[in-house]
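Okay, here's what each chain looks like letter by letter:
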Protein chains: 2
Amino acid sequence: MTEKRASIGARRNPETETAILDAAAEILAESGISGLRMEAVAKRARAGKATLYRWWPTRGALLLALYRRRKPVAAYPDTGTLEGDLTAVFAQVFAHWHGETGQIFRSIIAAAQAEPDVAEALAEFREERLAGLREVVARAGVRGELAPDAVPARLAEAVIAMLWYKLLSGGLGDDPRALARLLCQGWSAMKTSPDVL
Amino acid sequence: MTEKRASIGARRNPETETAILDAAAEILAESGISGLRMEAVAKRARAGKATLYRWWPTRGALLLALYRRRKPVAAYPDTGTLEGDLTAVFAQVFAHWHGETGQIFRSIIAAAQAEPDVAEALAEFREERLAGLREVVARAGVRGELAPDAVPARLAEAVIAMLWYKLLSGGLGDDPRALARLLCQGWSAMKTSPDVL
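Not measured: the values here are computed from a predicted model.

**Things to note about the overall build of chain A**
Helix and strand counts for chain A stand at 10 helices and 0 strands. Reading chain A from its N end, one meets helices and strands in the order α-α-α-α-α-α-α-α-α-α. Looking at chain A as a whole, 52% of its 197 residues qualify as buried. When contacts within chain A are restricted to residue pairs at least 6 apart in sequence, those whose partners lie at least 24 apart make up 67%.

Shown next as C-alpha cells:
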C-alpha cells in the first residue's frame, strides 16, 4: 500500500486525506499533542506512511492541518472603520478559540517552543494570518484612516501579538472593542470608555 | 532531615535554598523542563521534599524561581519619554532573553498551556511584570504624555503581549525603538522612520 500511495505522488486522494486527518484528530483528542505520532496516524488511517509524509512532511505540518480544518481561512469583515474591523477580528478569533480549537492552537504554540518542525509550520501559518491582517490595515489606509507612511506589517503584528497573548494567558473573555481601541487609537491619543475599564 | 526542615516552617535556610535552586538548574540544563521533577531536585540537593514543597509548593513555582534568579527584578529606566522608556524595556528584555534564559521562559509559557500549576505561577509572575510596566506608563502620565483617561493597565498589557510574541516567534532580533514607536504613537498618527522599515 505504501508503494501504491507513493506512486500517486503529490496528487491527493480526498478519502485518504480525510481518513488521515480524522485519525490524527482522534489520536490528538485521546492522547494529546505528545501522543500524535506519524506512525500511529498512518496505522489508524490505514494509510501508507509514505503518503502521510508526502502530504504532511512533518508532525508540525500535520498539526497545523488539523487546526486549519477547524478554522477555514475567512476574509475578515469590512465594517467601515479600522476600529470596527479589529473589533470583529478579536471577536471572531476569540470565539473560535473558545474550547478545544483554542487548546489545539495553544498546544501548537507550546510545541513550537521545543520542536523546530512545529515552529516552522507555525511560522508559515502565522505568515498567512499576518497577510490577512495586513489587508485589514491596508483597507484602513485606503479609507484614509492611517498615516500615509504607516507600516501595515507592523500593525498586523501588534494584532497577532495581542491575540496570542490573550490565548496563552487565559484572556479570551476580554473585550474585543477595548483591545481594538487600545491598538488603534494610540496611547497619547487614547480615549477610554466604560468598556475599556 | 525532612522532619527537621519541616520543623523550621517557612523561615528559609539560604544554603538549602541555594542548593535546591542549583540542583534544579542543573537538572533543567540536563533534561529540560519535562525532566524537572520535585523528587529529583530534592534528592540532588540533599534537601527534604517537605522543605522543597514548603518553599516552592509546585513545580511551576520552582521553575519561576529559577527564572527569577536569572532575572533580578530591576526598575525600568526613566529616559524622559514614554517612547524612550519602552525602547529601553524592549532592549533590556530582549537582551536578557537571548540564549538560555529566554529558552527557560519560553519553556515556562509552553508548560503553562498544559499544566495548571505552571500557569498559576506564570500568572503571578506576569502580574508583577505588569505592575512594573504600569509604573512606566504612569510615569508618562505624570509627564503629560498620555490622555488623562488612558488606561495604564491596558497599555502595559500591550507591551507584555509584544514581548511574549517576539520571544515565542523568534523575533528577539527586532528593533526595540520601532516596537516602542508602534505601541506609543498609535496607528492613525504613526510616523515611520528608517528603523521601522
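**Focus on unusual backbone geometry**
Of all residues except glycine, most have a negative phi; of all peptide bonds, most are trans. Residue and element names in this part refer to chain A. One non-glycine residue with positive phi stands out, namely Arg 46, at about 50°. Structurally, Arg 46 can be placed in the loop between α3 (38-44) and α4 (49-55). A residue is classified by how much of its surface remains accessible, and Arg 46, at 67% relative accessible area, is exposed.

**A few points about helix α3 (residues 38-45) of chain B**
Residue and element names in this part refer to chain B. Those residues of α3 lying buried are Met 38, Val 41, Ala 42 and Ala 45. For α3, the buried positions fall inside an angular range of 95° around the axis, keeping them on one side. Among the exposed residues of α3, those oriented more than 90 degrees off its buried face are Glu 39 and Lys 43. The secondary structure elements touched by the buried residues of α3 are α2 (14-31), α4 (49-55) and α5 (59-70). Of the residues flanking the end of α3, it is Arg 46, one or two places downstream, whose phi is positive at about 55°.

**Thoughts on the packing of helix α9 (residues 152-168) of chain A against helix α10 (residues 176-185) of chain B**
Close contact between α9(A) and α10(B) brings their axes to 11 Å; oriented N to C, the two are set at 75°. The angle between α9(A) and α10(B) places the two elements in the roughly perpendicular class. Across from A:Arg154, A:Leu155 and A:Ala158 in α9(A), the residues of α10(B) making contact are B:Ala178, B:Leu179 and B:Leu182. Of the residues contributing to the contact of α9(A) with α10(B), the split by class is 5 nonpolar, no polar and 1 charged.

**Focus: the pattern of salt bridges**
All names here are of chain A. In this structure the tally under the stated criterion is 38 salt bridges over all chains. Close ionic contact of Glu 115 with Arg 59 constitutes a salt bridge, the shortest N to O distance being 2.4 Å. Note that Glu 115 is positioned in the loop between α7 (100-112) and α8 (116-142) and Arg 59 in helix α5 (residues 59-70), a separation of 56 residues in sequence. The class for Arg 59 is buried, based on a relative accessible area of 10%. Where salt bridges share partners, they join Asp 78, Asp 85, Arg 139, Arg 143 and Glu 145 into one cluster.

**Here's the deal with the nonpolar core**
A:Phe105 and B:Phe105 are the most contacted members of the largest nonpolar core, which has 129 residues in total. If we ignore the near neighbours within four places in the chain, the residues touching A:Phe105 are A:Tyr67, A:Trp97, A:Leu122, A:Phe125, A:Trp164 and A:Leu167.

**Side note on the packing of aromatic side chains**
We describe a pair of aromatic rings using the distance from one ring centre to the other and the angle between the two ring planes. Summed over the entire model, instances satisfying the criterion amount to 16 aromatic pairs over all chains. Seen in terms of ring centroids, A:Phe105 and A:Trp164 are 6.2 Å apart; in terms of plane orientation they differ by 75°. Their pairing is edge-to-face. Of the two residues, A:Phe105 is situated in helix α7 and A:Trp164 in helix α9; the sequence distance between them amounts to 59 residues. This pair shows no difference in class: A:Phe105 is buried, exactly as A:Trp164 is. Members of the aromatic cluster, joined through ring pairs, are A:Tyr67, A:Trp97, A:Phe105, A:Phe125, A:Trp164 and B:Tyr165.

**Comments concerning the side chain of A:Thr87**
Residues and elements named next belong to chain A. Within the secondary structure layout, Thr 87 lies in helix α6 (residues 82-97). Here Glu 83 takes part through its backbone oxygen, which lies 2.7 Å from a polar atom of the side chain of Thr 87. Look past the residues within four positions of Thr 87 in its chain and what remains in contact with it is Pro 176, Arg 177 and Ala 180.

**Regarding helix α6 (residues 82-97) of chain B**
Residue and element names in this part refer to chain B. Its 16 residues give α6 an end-to-end C-alpha distance of 22 Å, which sits within 8% of 22 Å, the value for a rise of 1.5 Å per residue. Along α6, 12 of the 16 residues are buried, which leaves the element largely enclosed by surrounding structure. Along α6, the residues that are buried comprise Leu 82, Glu 83, Gly 84, Asp 85, Leu 86, Thr 87, Ala 88, Val 89, Phe 90, Val 93, Phe 94 and Trp 97. Phi for Gly 99, located one or two positions after α6, is positive at around 85°.

**A short note on the state of the cysteines**
Applying the stated rule across the entire model yields 0 disulfides over all chains. Considering cysteine sulfurs only, B:Cys184 is the nearest to A:Cys184, which forms no disulfide, with 16 Å between them. Judged by relative accessible area, which is 8%, A:Cys184 ranks as buried.

**Considering the confidence of the model for chain A**
Residue and element names in this part refer to chain A. On average, chain A scores 85 in pLDDT, and the residues at 70 or more come to 85%. Confidence drops under a pLDDT of 50 for residues 1-8, and excluding neighbours within four residues, the segment shows 13 contacts in the predicted structure. Predicted confidence for residues 189-197 stays below pLDDT 50, and this span has 25 contacts to residues more than four positions away or in other chains. Here the prediction assigns the complex a pTM of 0.83, and the interface score ipTM is 0.82.

What counts and how
Residues numbered from 1 in each chain as written. Chains lettered and ligands numbered in written order. Predicted model: local features only at pLDDT ≥ 70, side-chain atom pairs only at ≥ 80, totals over all residues. Heavy atoms only, no water. Helix = DSSP H or I, 4+ residues; strand = E, 2+ residues; numbered from the N terminus. Buried < 20%, exposed > 50% of the residue type's maximum accessible area, 1.4 Å probe, protein only. Contact = heavy atoms within 4.5 Å. Arc of directions from axis to C-beta. Axes fitted to C-alpha atoms, helices over the stretch in contact; angles between N-to-C directions. Parallel < 35°, antiparallel > 145°, perpendicular 65-115°, else oblique. Nonpolar A, V, L, I, M, F, W, Y, C, P; charged D, E, K, R; others polar. Salt bridge = Lys/Arg side-chain N within 4 Å of Asp/Glu carboxyl O. Core = buried A, V, L, I, M, F, W, Y, C linked by side-chain atoms within 4.5 Å. Phe/Tyr/Trp six-rings, centres within 6.5 Å; stacked < 30°, edge-to-face > 60°. Polar contact = N/O pair within 3.5 Å; in protein donor to acceptor, adjacent residues only side chain to side chain. Expected span 1.5 Å × (residues − 1). Disulfide = S-S within 2.5 Å. pLDDT = per-residue confidence, 0-100.

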